[in-house]
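Residue-level listing of the chains:
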Protein chains: 2
Amino acid sequence: MPQPAINPWVRRFEEADTPHLSAEVVICGYGGAGACAALEARRAGADVLVLERAAGGGGSTAMSSCEMYLGGSGGTRLQRDIGLADSTENMIAYLQECFGSQGDEERIRRYAEGAAEHFDWVEALGVPYKRAAFLERTVVPLSDESLLFTGNERAYPFNRIAEPVPRGHVPSKEGDEGGRMFMQALMATVEAEGVRIQANARVLALLQDDTGRVRGVVAKIDGTECNILASRAVILSAGGFIMNRAMLERYAPEVLPYGEPYGNQWDMGDGIQMGMAAGGNIINMNECFLSFAFYPPAKLTYGLLVNSGGQRFINEDAYLARLGHHAAQQRKQEVYLLVQNEDYEPTMYMESRRMAGTGDSIAEVEGEAGLPAGALQATVAYYNKHAEHNEDPLFHKAAEWVKPLDKPPYALISYSPQDVQYQLGDGPGYLMFTLGGLQVQTTGEVLSPAGRVIPGLFAAGRTAAGLPRTSAGYASGMSVGDASFFGRLAGCAAAGHVKAEG
Amino acid sequence: MPQPAINPWVRRFEEADTPHLSAEVVICGYGGAGACAALEARRAGADVLVLERAAGGGGSTAMSSCEMYLGGSGGTRLQRDIGLADSTENMIAYLQECFGSQGDEERIRRYAEGAAEHFDWVEALGVPYKRAAFLERTVVPLSDESLLFTGNERAYPFNRIAEPVPRGHVPSKEGDEGGRMFMQALMATVEAEGVRIQANARVLALLQDDTGRVRGVVAKIDGTECNILASRAVILSAGGFIMNRAMLERYAPEVLPYGEPYGNQWDMGDGIQMGMAAGGNIINMNECFLSFAFYPPAKLTYGLLVNSGGQRFINEDAYLARLGHHAAQQRKQEVYLLVQNEDYEPTMYMESRRMAGTGDSIAEVEGEAGLPAGALQATVAYYNKHAEHNEDPLFHKAAEWVKPLDKPPYALISYSPQDVQYQLGDGPGYLMFTLGGLQVQTTGEVLSPAGRVIPGLFAAGRTAAGLPRTSAGYASGMSVGDASFFGRLAGCAAAGHVKAEG
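Residues numbered from 1 in each chain as written. Chains lettered and ligands numbered in written order. Predicted model: local features only at pLDDT ≥ 70, side-chain atom pairs only at ≥ 80, totals over all residues.

## Observations concerning the interface of chain A and chain B
Here comes step 1: With 40 residues of chain A at the contact, the number on the chain B side is 40 residues.
Here comes step 2: Mapped by element, the contributors of at least two residues to the side of chain A that touches chain B are helix H8 (245-251), helix H9 (270-277) and helix H12 (375-387) of chain A.
Here comes step 3: With four residues, H12 of chain A is the largest single contributor of residues to the side of chain A that touches chain B.
Here comes step 4: Among the residues making up the side of chain A that touches chain B, the classes are represented as 22 nonpolar, 14 polar and four charged. (Contact = placed C-beta atoms within 7 Å. Helix = DSSP H or I, 4+ residues; strand = E, 2+ residues; numbered from the N terminus. Nonpolar A, V, L, I, M, F, W, Y, C, P; charged D, E, K, R; others polar.)

## Thoughts on the sheet that holds strand E14 (residues 288-290) of chain B
All names here are of chain B.
Here comes step 1: Pairing in this open sheet of three strands is mixed, and the strands run E12-E21-E14 from one edge to the other. A single partner strand is all that each edge strand has here, and the edge strands are strand E12 (259-261) and E14. Averaged over all neighbouring strand pairs, the angle between strand axes comes to 40°, with direction disregarded.
Here comes step 2: Both E14 and strand E21 (residues 430-434) contribute to a ladder of three bridges, which runs antiparallel. Each bridged residue has a counterpart across the sheet, and for Cys288 the counterpart in E21 is Thr434. (Pairing = 2+ DSSP bridges. Axes fitted to C-alpha atoms, helices over the stretch in contact; angles between N-to-C directions.)

## Considering the sheet that holds strand E4 (residues 68-69) of chain A
Here comes step 1: Taken in spatial order, the four strands of this open sheet run E4-E7-E6-E5 (chain A), and their pairing is mixed. The open sheet is flanked by E4 and strand E5 (133-134) of chain A, the only strands paired with a single partner.

## Quick look at the packing of helix H1 (residues 32-43) of chain A against helix H7 (residues 178-192) of chain A
Residues and elements named next belong to chain A.
Here comes step 1: At a closest axis distance of 9 Å, the pairing of H1 and H7 adopts a crossing angle of 35°. Viewed along their axes, H1 and H7 form a crossing whose handedness is left-handed. Along its contact with H1, which presents Gly32, Ala35, Cys36, Ala38 and Leu39, the element H7 presents Met183, Leu186, Met187, Thr189 and Val190.
Here comes step 2: Residues belonging to the contact of H1 with H7 are distributed by class as follows: eight nonpolar, two polar and no charged. (Left-handed = near helix turned anticlockwise from the far one by under 90°.)

## What to know about the pairing of strand E15 (residues 304-307) of chain B
Residues and elements named next belong to chain B.
Here comes step 1: Burial of the side chains of E15 extends over both faces: Leu304 and Val306 are buried on one face and Leu305 and Asn307 on the other.
Here comes step 2: Relative to strand E16 (residues 335-340), E15 is paired through four bridges, and the arrangement is antiparallel. Within the sheet, the bridge partner assigned to Leu304 lies in E16 and is Leu338. (Buried ≥ 20, exposed ≤ 12 C-beta atoms within 10 Å, placed from the backbone.)

## Here we look at the domain arrangement of chain A
Residue and element names in this part refer to chain A.
Here comes step 1: As far as domains go, chain A holds domain 1 (10-63 + 179-287 + 435-496), domain 2 (68-175) and domain 3 (298-422).
Here comes step 2: Look at where the C-alpha atoms of domain 2 and domain 3 centre, and you get two points 29 Å apart.
Here comes step 3: Of the residues lining the interface, nine residues belong to domain 2; the matching set on domain 3 comes to eleven residues.
Here comes step 4: When grouped by side-chain class, the residues that make up the side of domain 2 that touches domain 3 number three nonpolar, three polar and three charged. (Domains from an automatic or database assignment.)

Here you go:
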């Protein structure tokens, strides 16, 4: 019993005209999650139709490096081939530490148990993975190795909880083209195996019947509104809502002053809005991935991140999203990196940041930058005293990044949001995308606020609240890993869904 | 067109049996918001029925001090009577600073414009307000003055944005009984003016018709399910969801490890769940008020709050909820107060906290508490150097609270969540209640995620997302002020609502 008068993202199935199209499984959105769902639903024997609002598939996954956070089960084939072991329990311990009470235990376990098999599935699409690891601190290797540490594994507190294992899996190619490579291979397979694709199709509403079952969608194709029936299920895989300003104002207002949306232009939250209209619950809506990519180059990690009071606030060797979470908590998000000349090089992913102060002494730098008199000096004095013993008692930066800052000249670089311009950003601010969405079971079935399944409705990718729940514990590979893995589960479940009566 | 199969908090009006009761306006919840709504709806000429799940009215408002954050319009009658002026624009500037991008501009303006009149309305109920101000730092005066600074007005950064004006209005009586006094006066008036009250009535679901209009409720009274029609409107004023563990896990998981629920036992989120079932949107669901009441006594404010790295993180003269917000951001929420003997007295609102270290030198205290060697010493040395000039360059604590900590012995008190037990709490942790709920217009009309009004449905009090949106900017008086003020607006609007056809 849909409520179109209250929410036009749903329409009443009983009032719908003759259908224009039909399939067993209709998938809204042809990015990473949708394509994986489509392929699995097809392989389970379903007749599958994918609707994509853009002129072609790819979504935000195609814009990414296609890093996937994978491991467990003794190791993925790639980990094992280069002599690394990995255990499911170690991976679970790590992921639980990442998200704490915000994590979804069942989802974490299901993912860790299936991640190694998922790698095989992806590789079998024809995506190339080189049996070589790039173990330096980076975001994504620009050489052709396929395995890396994705961020926090070797950093405190994660290194106290779980044995650090590299779990970032990226397609092998020089440069950063993993997402395009993955989506090309995936879409070629999807189409070769008989999934129907309809591009330039804007889904306007779900069709829901008076029992609450989702029976299809209404989409605008070539200027015409079409009723498209789904005899088994509809899967919403239309991305998050980072490009929808009104939704950000409503659900994630805190990030607005300092975040810069990053995603594809159709990350407008349509899938989330349709799911809600059909009675779905939304969770985690305030949380966003926030990038604070002051590195690479890795050697900047020798520097000290400080706030406007000259205080450190995090171990500088953490992953960029964890740094973003903590930078955002500082007053007005004002954050600086103090670095000595021998460690300086411009930050790779930024077109600009601001030189706040330079000098041959910390006092000079501090004065030029206008920090409170003596504050940065006190911070550096304390740090240096312990750095001489290769220790960081306050934040436990790993010993390899700890050395006294005593070789002038020094620079203090402002990475405050108004001062940073990412190459991938349209304006200044920390790059961000949303981590909230429809509450789903691990099968992708959408739940109502009362915890009931909405029959015939699934969601995957950033349309759903997935594995990564907060920037504080995020690491590269968690979004594409989650979207592709749980996209597959949703596809399987949707295909196997009890056929709608009538 | 309700969806009971998906969400049992709503039922289909067309299928409801003969009604047992009816009224023009039916109000679910007889706390501060519900009682104010009832009175205004009645005064607007409506036949009003209030349903209350408990044996009697009062709700969480009766448990509170009934502080209301009021001012503007040249000053409330109380402010003016003791010679204080206040301006609406100054109040708006303050409230905007409180909530930043999370604030609701229209709601803030409407509140600031009407707050002075609201005081007259409350006083006319017979609630006594003494023309006297208690201007020391406190949470609620235990003497009988009725005006106070509620928290952050004199603290940085608010004191740079808006002229500090005391805006906390509390009923006059020695002790802390404001909430009980207010609710007694209010409920006596409500009942004298002809509102019908049904206690022990558990509302189970809304009745919604196929056009989406809310037409009444289903309630369990004396063991019988009753259909209760509302010819004009239903108002949901059933409190927040702090007592509903499952809802906290879903919507506010971050606070679970360190927050201790504070409210009345029926703050179970029923109103929010019903509103969602009828198609209402929810916002701000992750945000909670968090109390970090290390004061009074006020003189503890001379001390320094530090984290487990011995670093300060906030000006200690801020309000307890702002302190709670920032304490929660520290690693594992570990927070300590360093205080010298002459300023020490036990924290008034706590039954226990933990003495982490004592000594005649900071080094001794630091060692006993197990803080990183030298860290607290560095913090105190820096603080003292500037305190000699009555300055706090890092956090701008007001000069009256700044003095060097140089008179041993010293104590370091742990206020980490596991170490604090509030008198009002059932277990250890920071007292908390929820600040998220249904998205409403200033009239209380509930909105769908698509921004459409749900006909016949209103919400007020903590069932709605109201004026206070985050602990960081919260101050005493904002919840009861919001609940009573916007409760009245909802009552007026509901009574004037276009009568349902048919």
